[in-house]
Amino acid sequence: MEAIVRAVDAGRGNIKFVISDDDDDIKCMHFPSEAYPAEREKRIDVLSGKRATVGIPIGGLIYEVGPEAHMAADIFNAKVLQHDAYFETTEYLALVRGALHFMNVDHIDLLVVGLPVASFKMPKRVAALEKQMTGTHDLGKGKSVTVKEARVLAQPTGALMHYGKVHNRWAELRKEMSLIIDPGAQTFDWIVTKGIQQIESKSHSLDRGMFDVLQKIADGISANTGTQFRQFEVLDAALRGGKKPVIFQQEYDIAQHLPMAKKIAEHAVGEMRRYVGDASEIKNIILVGGGAFFFRKAIKDAFPKHKIHELKDALYANVKGFQIAGRLIKAQEPKERKAIPAETIESGGAANE
C-alpha cells in the first residue's frame, strides 16, 4: 500500500495543510491561527447553525479551531502565536491537530511540518517538534490519527521545492544558487540555497511581518481618531483590495500612514541584505508568503539587477513544497535512508528513529 504523506505549514497568521495528493493535484485548505480554550465544548444555538470549527481536547481544556474560530473569541482573545517559540505552545498543538482532523485520515506515514529559519537552525528545537508530532493525536469525540514519522523543514524550503515543480526546473535548480523570501504574518523568513541545500550562514528570519505593518497603520489611525483602533482584518482587506476602509461609518484614507508602514518592509529587507549582500552570485530570487504583495517593492528596490519570481499560489507554496519533499523522502527511504537529508532535501536532522 502506498505511504500516506501529509504536510502542515503552521504560520502565525494561517494554518495551511494538504488534504489530498494526487501527484500533480495537491489539494489544500487553511484556517486562521486562532485557538480558543474552554472547559467544555460549547453548544451552538440551533438557530445560528453549526460553525466550521472542531474542538480539540488537550490538558483538560477544549480548544476550538477551524475556519470560523473567530466566532468563538471573547474580547480579550487575540492571535495566539505571537512569539518566536510559538510552536512550543498548547495552542500550536491544537491548531496542528485541527489540521489533522480536516485531513480525514486515521494514520499518516510521514507528516512534514515547518519552522521559521531562525528556529530551524536550532537542532534541539527541530528534534523536539519532530518528537511531538510523532505518535497518536487525540482529535476529540473518539477520533484520533497516528503519525508514524515526522520531519521538519525550514518554511521557505517548501517554496523552493514548489517552484522547481511548477516551473519544471529541477535540473537547473540543483546547479544554481537561490534566495527564497517569505514575508508572513509575523515572521520575515529567507533562505539561500546551493542547489537545494540551505546555506545556514546566509539564511535567517526576523520577527517582522504583516502584523507589524497593520499595527503601524492602526497606531496612526488611533492617534488621529483618539481611539484604540485594532481592526487589523479591516486594514488587511483594504491594503490587499486597494480600497479605503470604512471606519466610524466613513471612508478613511490610510495613504497618510503608508510611509511609516513601508519602513517595516524596508528595515526587514535591509537586515536580510546584511546576510546576502547584493546577491550577485544568486541566480533565482523567489518571493512567496501572505505579505509578498506589501514587501515586493522593498525587495525589488534592494535587488534592482534581479528578476523577482513570484509564485501565483503564494499562500500554499510552502505546504505544497513540503508535500513534494515528503514524497521524495518516502520514495528514497528503502534505498539509503541516511543519504536523504543531504542529497534529497535539507531537513534539519533525522526524524525519531
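Above this text is the structure in question.
Scoring rules and cut-offs
Residues numbered from 1 in each chain as written. Predicted model: local features only at pLDDT ≥ 70, side-chain atom pairs only at ≥ 80, totals over all residues. Heavy atoms only, no water. Pairing = 2+ DSSP bridges. Helix = DSSP H or I, 4+ residues; strand = E, 2+ residues; numbered from the N terminus. Core = buried A, V, L, I, M, F, W, Y, C linked by side-chain atoms within 4.5 Å. Buried < 20%, exposed > 50% of the residue type's maximum accessible area, 1.4 Å probe, protein only. Contact = heavy atoms within 4.5 Å. Axes fitted to C-alpha atoms, helices over the stretch in contact; angles between N-to-C directions. Polar contact = N/O pair within 3.5 Å; in protein donor to acceptor, adjacent residues only side chain to side chain. Salt bridge = Lys/Arg side-chain N within 4 Å of Asp/Glu carboxyl O. 1 Å grid on protein atoms, 1.4 Å probe; cavity = no way out; pocket = protein on both sides within 12 Å on 5 of 7 lines; lining within 4 Å. Points joined across faces, edges and corners; volume = space filled by probe spheres on them. Nonpolar A, V, L, I, M, F, W, Y, C, P; charged D, E, K, R; others polar.

J.: Give a detailed account of the sheet that holds strand 9 (residues 135-140), specifying residues and quantitative values.
T.: One open sheet accounts for three strands, arranged 7-10-9; its pairing is mixed. In this open sheet, the two strands that pair with only one neighbour each are strand 7 (107-108) and strand 9. Direction of pairing for strand 7 relative to strand 10 (residues 143-147): parallel, over a ladder of two bridges. The residue of strand 10 that forms the bridge with histidine 107 is threonine 146.

J.: Can you tell me about the nonpolar core, naming the residues and giving the values?
T.: Core analysis: the largest hydrophobic core is formed by 48 residues, its most contacted members being Val8, Ile15, Val65, Tyr92, Ile108, Leu111 and Met133. At eight residues, the largest contribution of residues to this core is made by helix 1 (residues 90-103). Apart from the residues lying within four places of it in its own chain, the contact partners of methionine 133 are Tyr92, Leu93, Val96, Leu111, Val113, Val147 and Ala150.

J.: Now, about the sheet that holds strand 8 (residues 110-115): what can you tell me, with residues and values included?
T.: One key point about sheets: their strands pair by backbone hydrogen bonds, in either a parallel or an antiparallel sense. The five strands lie next to each other as 3-2-1-8-11, forming an open sheet whose pairing is mixed. Edge positions in the open sheet fall to strand 3 (25-32) and strand 11 (150-154), since each of these has one partner strand only. Across this sheet, the average inter-strand angle for adjacent strands is 20°, counted without regard to direction. Inspection of the sheet shows strand 1 (residues 5-10) paired to strand 2 (residues 14-22) by three bridges, in the antiparallel sense. Bridge pairing links alanine 10 to isoleucine 15 in strand 2. Along the sheet, helix 1 makes contact with strand 1, strand 2, strand 3 and strand 8, crossing strand 2 at roughly 25°.

J.: Hey, could you go over the side chain of histidine 257 for me, with residue numbers and the actual values?
T.: Along the chain, histidine 257 turns up in the loop between strand 17 (250-251) and helix 8 (258-276). Owing to a relative accessible area of 9%, histidine 257 belongs among the buried residues under this scheme. One polar contact links histidine 257 to tyrosine 252, side chain to side chain, over a distance of 2.8 Å. For histidine 257, the residues in contact, after removing those within four places along its chain, are Ile217, Gly220, Ile221, Asn224 and Tyr252.

J.: Lay out the pattern of salt bridges in plain terms, naming residues and giving numbers.
T.: According to the stated counting rule, one finds 15 salt bridges in the structure shown. Lysine 320 is paired through a salt bridge with aspartate 313; the nearest N and O atoms lie 2.6 Å apart. Judged by its relative accessible area of 15%, lysine 320 is buried. Connected through shared salt-bridge partners, Glu149, Arg151 and Lys330 make up one network.

J.: Give a detailed account of the layout of surface pockets, specifying residues and quantitative values.
T.: There is about 250 Å³ of room inside the second largest pocket. In terms of lining, the second largest pocket is formed by Glu2, Ala3, Ile4, Val5, Arg6, Asp21, Asp22, Asp23, Val105, Gln323, Arg327 and Lys330. At the level of elements, strand 1, strand 2 and helix 10 (317-336) are the ones that each hand at least two residues to the lining of the second largest pocket. A per-element tally of the lining of the second largest pocket places helix 10 first, with three residues. In terms of residue class, the lining of the second largest pocket is built from four nonpolar, one polar and seven charged.

J.: Tell me about the pairing of strand 5 (residues 54-58), and please be specific about residues and values.
T.: Counting buried positions over the five residues of strand 5 gives four, a clear majority of the element. Between strand 5 and strand 6 (residues 61-65), which follow one another and run antiparallel, lie two residues, and glycine 59 among them has a positive phi close to 60°.

J.: I'd love a proper account of the environment of arginine 6, names of residues and values included.
T.: You can see arginine 6 is positioned in strand 1. It is 9.2 Å that separates the C-alpha atoms of arginine 6 and valine 319, two residues lying 313 residues apart in sequence. What arginine 6 contacts, discounting residues up to four positions off in sequence, is Val18, Ile19, Ser20, Asp21, Met103, Val105, Ile108, Leu110, Leu111, Val112 and Gln323.

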